[in-house]
Amino acid sequence: EDEYEITTRTGETKWVWEQGEGVYDEHGRVVALEGFIANITDRKRAEAERERLTRAIEQSREIVVITDASGTMLYVNPAFTRLTGYGIDEVRGQNPRLLSSGRNTPEDYRAMWQAVREQGFWQGEMWDRHKGGEIYPKLMTITTVKNPHGEIDYYIASFSDIREQKAAEERI
């Protein structure tokens, strides 16, 4: 069993998966080979694309959080841990309310979720609390991701620390 690249007669590069074995005669000699070869080019391209996207998100300075449809955190990137002080394992399975600073009003959250429900998108400023207790402002975007049936699969939240921007605004 093996996966490898081949070049077709037309010069295209394809990925194939091969599985086979020898057919032996009564003297133990290989007299034939049987097996099959499958074109796995699409799968290999999808894997490469997924790897590129994963590296981009992992190395991004923008904080990325993915939750399921009920709001349970499934993924956070390393930038999240640097900003919030929480480790990846500490937040996986938790609700983002874990970061709540108490500074946003219930109406802020209602308006945010209303926009997400109606438009599939929201962007604005919110205040969160670092694991160590410090409250900080962030500029956040929430995007709804739906499956082909139109049902919500998950939400992607991306945000950035805007403390410096807020401090500059206060100085002005």
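Our structure's up above, just so we're on the same page.
Residues numbered from 1 in each chain as written. Predicted model: local features only at pLDDT ≥ 70, side-chain atom pairs only at ≥ 80, totals over all residues. Heavy atoms only, no water.

Novice: Just checking my understanding: could you explain the sheet that holds strand 2 (residues 13-24) for this structure?
Specialist: Sheet strands associate in pairs through backbone hydrogen bonding, adopting either a parallel or an antiparallel arrangement. The strand order across the open sheet formed by 3 strands is 1-2-3, and the pairing between neighbours is antiparallel. Edge strands, defined here as strands with exactly one partner in the open sheet, are strand 1 (2-7) and strand 3 (30-39). Across this sheet, the average inter-strand angle for adjacent strands is 40°, counted without regard to direction. Two elements, strand 2 and strand 3, share 9 bridges in a ladder whose sense is antiparallel. Of the residues in strand 3, the one forming a bridge with Gly 20 is Gly 35. Relative to strand 2, helix 1 (residues 41-59) is tilted by about 130°, and along the sheet it contacts strand 1, strand 2 and strand 3. (Pairing = 2+ DSSP bridges. Helix = DSSP H or I, 4+ residues; strand = E, 2+ residues; numbered from the N terminus. Axes fitted to C-alpha atoms, helices over the stretch in contact; angles between N-to-C directions. Contact = heavy atoms within 4.5 Å.)

Novice: Just to check I follow, could you spell out the pairing of strand 2 for this structure?
Specialist: Within a regular beta strand, the side chains point alternately toward one face of the sheet and then the other, so they alternate between its two faces. Looking at chain direction, strand 1 and strand 2 are connected through 6 bridges and run antiparallel. In the sheet register, Glu 3 faces strand 2, and the bridge partner there is Trp 17. Linking strand 1 to strand 2, which pair antiparallel, is a turn of 5 residues; within it Gly 11 sits at a positive phi near 90°. Remark: 5 residues form the turn of the hairpin made by strand 2 and strand 3, two consecutive strands paired antiparallel; Gly 28 in that turn has positive phi of roughly 85°.

Novice: Help me understand the sheet that holds strand 7 (residues 135-146) in this model?
Specialist: Strand order in this open sheet of 5 strands is 5-4-8-7-6, and the pairing throughout is antiparallel. Each edge of the sheet is formed by a strand with only one pairing partner; in this case those strands are strand 5 (73-76) and strand 6 (121-129). Sheet twist, expressed as the average angle between the axes of neighbouring strands with direction ignored, equals 25°. Bridging between strand 6 and strand 7 involves 9 bridges; their strand directions are antiparallel. For Asp 128, the partnering residue across the bridge sits in strand 7 and is Tyr 136.

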